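Okay, here's what each chain looks like letter by letter:
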Amino acid sequence: MEHFYSAETVKDVVVPIEPDLSKEKYFAAQLSDRAWHRVEVSNFIPCGDSSQAIVRYVDQGSSAMLSCTDLRPLHAQFRNLPCQAMAAGLAGLVPARGEWTPEDNYWFNNRVSGKQLVGRMVDVPDSSLTNMMV
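Residues numbered from 1 in each chain as written. Predicted model: local features only at pLDDT ≥ 70, side-chain atom pairs only at ≥ 80, totals over all residues. Heavy atoms only, no water.

**Student:** Honestly, the sheet that holds strand 1 (residues 26–30) in this entry has me stumped. Any pointers?
**Tutor:** With respect to topology, five strands assemble into an open sheet ordered 4-3-2-1-5, the strand pairing being antiparallel. This sheet does not close on itself; its edge strands, each paired only once, are strand 4 (63–67) and strand 5 (72–73). Pairing geometry for strand 1 and strand 5, over two bridges, is antiparallel. Opposite Ala28, over in strand 5, you have Arg72 as the bridge partner. (Pairing = 2+ DSSP bridges. Helix = DSSP H or I, 4+ residues; strand = E, 2+ residues; numbered from the N terminus.)

Right, dumping it as structure tokens:
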């Protein structure tokens, strides 16, 4: 994908993106590492020439808000591989005060970031492979 979107014949070609999810929701976009990745647009925020898109990097799991000018049409050769990232939650874990606070998230992230973890799947709600409990 990196080779395809960085090729001289493609890299400077900007195709206007029509902010219409009924027509297309998968695109290519660069992540902070400047490499090209597949994204799914969940919402477009129209704002004239500076429209934005809320995207999820389907193979990494992270989300971002990008300018529509940063999106490129996703070429057919990159559409066949299933999304590699899936949402997951921790089974049986509930917030002590009713909702997760930013402090809870910070505490948890500090303990797991950069570590290799092993999970065991205990449930797949609604038979959906995009969400699971580990």
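**Student:** Sorry, what's going on with a nonpolar patch on the surface here?
**Tutor:** A cluster of nonpolar side chains, Leu90, Leu93, Trp100, Trp107 and Phe108, forms an exposed patch at the surface whose accessible area comes to about 510 Å². Mapping Trp100 onto the fold places it in the loop between strand 6 (87–89) and helix 3 (102–112). (Patch = residues over 30% accessible without salt bridge, like charges linked within 9 Å, V, L, I, M, F, W, Y side chains within 5 Å. Areas by Shrake-Rupley, 256 points an atom, 1.4 Å probe, with all protein chains shown as cover. Salt bridge = Lys/Arg side-chain N within 4 Å of Asp/Glu carboxyl O.)

**Student:** So what exactly am I meant to see when it comes to the pattern of salt bridges here?
**Tutor:** A side chain of one charge can pair with a side chain of the opposite charge when the charged atoms of the two come close. Applying the stated criterion to the full structure yields five salt bridges. Between Arg79 and Glu24 there is a salt bridge, and its shortest N-O distance comes to 3.2 Å. Of this pair, Arg79 sits in the loop between strand 5 and strand 6 while Glu24 sits in the loop between helix 2 (8–11) and strand 1, and the two are 55 residues apart along the sequence. What makes Glu24 partly exposed here is its relative accessible area of 25%. One salt bridge connects Glu40 with Lys25, and the closest N-O pair in it is separated by 3.2 Å. Of the two residues, Glu40 is situated in strand 2 (residues 36–45) and Lys25 in the loop between helix 2 and strand 1; the sequence distance between them amounts to 15 residues. For Lys25, a relative accessible area of 34% corresponds to the partly exposed category. (Buried < 20%, exposed > 50% of the residue type's maximum accessible area, 1.4 Å probe, protein only.)

**Student:** Is there a simple way to think about the packing of aromatic side chains in this case?
**Tutor:** How two aromatic rings sit relative to each other is given by the distance of their centres and the angle of their planes. Under the counting rule described, the total for this entry stands at five aromatic pairs. Taking the centre distance of 5.5 Å and the plane angle of 70° together, the rings of Phe4 and Phe78 count as edge-to-face. Here Phe78 lies in the loop between strand 5 and strand 6 and Phe4 lies in helix 1 (residues 2–6), a separation of 74 residues in the sequence. Classification of Phe78 by relative accessible area gives buried; the value is 13%. Considering the side-chain rings of Phe27 and Phe44, the 6.4 Å spacing of their centres and the 80° angle between planes classify their relative orientation as edge-to-face. Of this pair, Phe27 sits in strand 1 while Phe44 sits in strand 2, placing them 17 residues apart in sequence. (Phe/Tyr/Trp six-rings, centres within 6.5 Å; stacked < 30°, edge-to-face > 60°.)

**Student:** Explain the layout of surface pockets here, please?
**Tutor:** Gaps left between atoms are located by rolling a probe of water-molecule size over the structure's atoms. Counted as a void, the largest pocket has a volume near 240 Å³. Lining the largest pocket, in full, are Leu90, Leu93, Trp100, Asp104, Asn105, Trp107, Phe108 and Asn109. Looking at the lining of the largest pocket residue by residue, the class counts come to five nonpolar, two polar and one charged. (1 Å grid on protein atoms, 1.4 Å probe; cavity = no way out; pocket = protein on both sides within 12 Å on 5 of 7 lines; lining within 4 Å. Points joined across faces, edges and corners; volume = space filled by probe spheres on them. Nonpolar A, V, L, I, M, F, W, Y, C, P; charged D, E, K, R; others polar.)

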